[in-house]
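Spelled out, the chains give:
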Amino acid sequence: MSRRRSRATTAALGAVLCTALALPLAPAVAAEPVTTSVTDAVGDLPLLSDPFLQLPTADGVRVVWTTEYAGSKNVALVGEAVAELTVDEARAAASGKKFRGVSVFVAETTQFSRLAEDASSRIPDAERPAAADGIVARDVWRHESTVSGLTAGTRTPYRVVSIDGEGTAVSGTFSLAPTPRLGDDVRVLITSDHQAMANTPANLQKAAETIGDIDAVFLAGDLVNHPDRASEWFDDTRGSSFFAALQGNGGRVDNNGVQEYVGGEIVQNAPLFPAVGNHEVQGRVDGVTSIGSSFGAPVPVEVAEAQYELVAAQVNPTGSAAVKAQWIEDNSFSTTTYEEMFTLPDDSPGGETYYAVTFGDIRLVSLYSTRIWRGTGAQADPAVRTVNTRYQEAARTLDAPLEQGYGEFVFESLEAGTPQYEWLKDELASDEFQDARFQIVMLHEGPQGLGDNVMPHFANPVRIEETDAAGNVIGVRYEYPAEDNMLLGDLSPLLEEAGVDLVHNGHSHLWNRFESENGVNYLETSNTGNSYGAYHPLSGRSRPIPPAPWDASNYLAQGNPGGLEAIVPNVSPFLAADGTPQPFVQSNDLAVFAMLDTGANELVSYAYDVRTPDVDPWIIDRFSLGEPEPDLVDVSIDAVCAGPNTRLTVEVANTFDVRVSAEIESVYGDARVASVKPGASKSANIVTREGATAGELTVVASATVDGETITEIETVPFDGITCGR
């Protein structure tokens, strides 16, 4: 007996699904036919980005795009005929004219509040601010159309249109779909740490070519380098900006200078689900003169709040709550651009910074697990400390609280009892999470790893004030006690107890994976565009350990502080110089990407060597993941003679936990059984006057769960029989 699900089912039922499309594609009023087929972007205005998909629902999805003008009309055009619209017809459709096969969804337009450029931006010389100008705001508008009326399992063409005065921009033609149904097979790109790196376009281009249809992207943080720099999102002249690479519109030569890559046309057709990484957090902006220096200067919120109280009378004489909040944000840190960029679930205490969402058979939890990254400098003598690092404050900042670094402080705690921890605890115990076939927790900094960035421990820095004989503070340094690692001491027990299938993280720019005794899989696949290396006896690398007076026992030169043994890739590992297989991938010549295939119940990792572009990506590792799809029915066939006739008795047994119906198809006729109770069975007969030669019949079983229809197609063989007359 063979089974076909999702992709095969969609193909088999394609004609039916197309005729059942819920979109109002044939308006009642008179509508003109469209003319020639145009699938590329057209018009006399540019779009800053192609559209990208966000937060699908059972019958819809958000379509988002960006421009450098507000536009008088911004719409998404959806339907089978949109590819044939000329620019004039698309403009007319956006302005209210009816076309057969085209539906219009008006966008909500907002302006980004913090996007900017500075002298370090990779933009054309004529547009780049001078250093003396500091941080210069850049006007960018975001348009979001909420498309509804879609049919599950069906992809529908769409384009977007923006009109500004007499100018018009019309995107190319892409496709969208609502969220997958339970039982639908999907392929998810598992990725992180793009950061406009040289090999990121190569990675995404090869991922798109290798995986084929990508249904979603799970991106574990570090989308860009500086979140408030607009060009890193849209049009960095190096050709590897975030959206350009994920939309196949980039153009960057790999770091070996061998070949140019444009990236992959992915997020125009697949929803993107990100997590906050440290590079999505912009630091203090008040008083700084460059985006880069702002990024490196975040201050804990509680410090900014204390400093606000000292200046409140001057900066906010009316006591405005909005002014207070803005002053604290401008003097601490912000994820505002990230939150303005994406449409994500916002019902957690952290709003869009951590969330949970169901995508077909997957329950995805995205956490806010990151901290500021600082250098490793550590001087024992406080007087010679000139820079803020993870271990120390510069001597010049001791009397300036807003200029201190506060070590590698955690932006949003995951300690037991904190809002994020308690929310996660409830989510892991929820029916939505526990009943999902695939339970995935995504976060930027994870509890297991061989990279440089797993040190120091993910703990609140312990501030140690050093004093002279008179009690005057002459230095500040920080320790990170191993026992305070909140990812290991607080988060991991929750994940292990819940039996999470996959913990997906980034941050250290390498590939490594682990598996706990409870079967929890931990995967970092962030060797996306470059590598910062593995710290392991086989790598030849060691992390720096701070000198005394720091407690060396808190720091690990090599290995995984989480304690699990790294797994050697089980298909095609890379070898050390002595031929030993390495349990990691660390190479600036390689682009590594991974795919979750729910139909195959496995996660597959690939590598591609940019030095040899004629060699296709190859599989380095694969492992089983998630619960197998439950069978709806068991089918048995009994072929007997009934006088001169042949009777095929088909028994359908319900092995599922809700009522199931089944359509039975054969060359000798069709039959149906309806509403079979869980644990029960029903039979149907197909009678023919001829003998039945050995063959097979098809059973299409269906059930409804939480308003969604699950379909299973089984092909069942039967023995031949000859009956006399």
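These numbers come from a predicted model, not from an experiment.

The next subject is the packing of helix H8 (residues 301-315) against helix H9 (residues 321-330). At a minimum axis distance of 9 Å, the contact between H8 and H9 shows a crossing angle of 130°. Comparing their axes, H9 and H8 come out oblique. Judged by the twist between their axes, the crossing of H8 over H9 is right-handed. Contact with H8, carried on its side by Val301, Ala304, Glu305, Gln307, Tyr308, Glu309, Val311 and Val315, involves Val323, Lys324, Trp327 and Ile328 of H9 and no other residues of that element. Residues belonging to the contact of H8 with H9 are distributed by class as follows: 8 nonpolar, 1 polar and 3 charged.

Below, the discussion takes up empty space enclosed by the protein. Under the definition given, this model contains 2 cavities of 30 Å³ or more. Computed from the structure, the largest cavity encloses a volume of approximately 120 Å³. Considering the residues around the largest cavity, the lining is formed by 18 residues, among which Glu445, Gly446, Asn453, Val454 and Leu487 are closest to the centre. By residue class, the composition of the lining of the largest cavity is 7 nonpolar, 8 polar and 3 charged. Roughly 60 Å³ of internal volume is contained in the second largest cavity. Considering the residues around the second largest cavity, the lining is formed by Thr376, Arg390, Tyr391, Asp452, Met455, Pro456, Arg543, Pro544, Ile545, Tyr555 and Leu556. Here the residues of the lining of the second largest cavity are counted per class, giving 7 nonpolar, 1 polar and 3 charged.

Strand direction decides the pairing type here: strand E31 (residues 660-666) and strand E32 (residues 669-676), joined by 6 bridges, are antiparallel. In the strand pairing of E32, Ser666 is matched with Gly669. The hairpin turn running from E31 into E32, its antiparallel successor, is 2 residues long.

Let's shift gears to the pattern of salt bridges. Under the counting rule described, the total for this entry stands at 32 salt bridges. A salt bridge links Glu232 to Arg229; the nearest nitrogen and oxygen atoms lie 3.2 Å apart. Comparing Glu232 with Arg229 shows no difference in burial state: the two are buried. Between Glu393 and Arg463 there is a salt bridge; the shortest N-O distance is 4.0 Å. You can see Glu393 sitting in the loop between strand E19 (362-366) and helix H11 (419-429) and its partner Arg463 sitting in strand E21 (residues 462-467), a full 70 residues away along the chain.

Take a negative patch on the surface next. Taken together, the side chains of Glu415, Glu483, Asp484 and Asp551 define an acidic patch exposed on the protein surface. With respect to the helices and strands, the residue Glu483 is situated in the loop between strand E22 (473-479) and helix H13 (486-498).

Across the sheet, 3 strands lie side by side as E29-E30-E33; this open sheet has antiparallel pairing. Each of the sheet's edge strands pairs with one partner strand only, and the pair in question is strand E29 (633-642) and strand E33 (681-688). Strand after strand, the sheet turns through a mean of 20° between neighbouring axes, direction not considered. Of the strand pairs in this sheet, strand E30 (residues 645-654) and E33 are connected by 8 bridges, and their pairing is antiparallel. If you follow Val650 over to E33, its bridge partner there is Ala684.

Another aspect to go through is the packing of aromatic side chains. Applying the stated rule across the entire model yields 23 aromatic pairs. Taking 6.1 Å as the distance between ring centres and 85° as the angle between the ring planes, the aromatic pair formed by Tyr261 and Tyr608 counts as edge-to-face. Placement of the pair is Tyr261 in strand E16 (residues 260-261) and Tyr608 in strand E27 (residues 602-609), with a sequence separation of 347 residues. Joined through ring pairs, the aromatic side chains of Phe52, Trp233, Phe234, Phe242, Phe243, Tyr338 and Phe342 make up one cluster. The residue whose ring lies beneath Arg477 is Trp550, and the NZ or CZ to ring-centre distance is 5.4 Å.

What follows covers the environment of Ala304. Relative to the helices and strands, Ala304 is located in helix H8. For the pair Ala304 and Asp330, spaced 26 residues apart in sequence, the C-alpha to C-alpha distance is 8.9 Å.

Let's shift gears to the confidence of the model for the protein. Model confidence for the protein is summarised by a mean pLDDT of 92, while 94% of its residues fall at 70 or above. Here residues 1-37 is modelled with pLDDT under 50, and outside its nearest four sequence neighbours on either side it reaches 91 contacts, counting other chains as well.

All right, on to the UniProt feature "domain: Calcineurin-like phosphoesterase" (unreviewed entry) in the protein then. Per the UniProt record, "domain: Calcineurin-like phosphoesterase" (unreviewed entry) is found at residues 187-509. Measuring from the first to the last C-alpha atom of residues 187-509 gives 23 Å, for a span that is 26% helix and 15% strand.

The rules we used
- Residues numbered from 1 in each chain as written.
- Predicted model: local features only at pLDDT ≥ 70, side-chain atom pairs only at ≥ 80, totals over all residues.
- Heavy atoms only, no water.
- Axes fitted to C-alpha atoms, helices over the stretch in contact; angles between N-to-C directions.
- Helix = DSSP H or I, 4+ residues; strand = E, 2+ residues; numbered from the N terminus.
- Parallel < 35°, antiparallel > 145°, perpendicular 65-115°, else oblique.
- Left-handed = near helix turned anticlockwise from the far one by under 90°.
- Contact = heavy atoms within 4.5 Å.
- Nonpolar A, V, L, I, M, F, W, Y, C, P; charged D, E, K, R; others polar.
- 1 Å grid on protein atoms, 1.4 Å probe; cavity = no way out; pocket = protein on both sides within 12 Å on 5 of 7 lines; lining within 4 Å.
- Points joined across faces, edges and corners; volume = space filled by probe spheres on them.
- Pairing = 2+ DSSP bridges.
- Salt bridge = Lys/Arg side-chain N within 4 Å of Asp/Glu carboxyl O.
- Buried < 20%, exposed > 50% of the residue type's maximum accessible area, 1.4 Å probe, protein only.
- Patch = residues over 30% accessible without salt bridge, like charges linked within 9 Å, V, L, I, M, F, W, Y side chains within 5 Å.
- Areas by Shrake-Rupley, 256 points an atom, 1.4 Å probe, with all protein chains shown as cover.
- Lys, Arg positive; Asp, Glu negative; His and termini not counted.
- Charge placed at Lys NZ, Arg CZ, Asp CG, Glu CD.
- Phe/Tyr/Trp six-rings, centres within 6.5 Å; stacked < 30°, edge-to-face > 60°.
- Lys NZ or Arg CZ within 6 Å of the ring centre and 35° of its normal.
- pLDDT = per-residue confidence, 0-100.
- UniProt positions renumbered as here; feature names shortened; annotations may be inferred.

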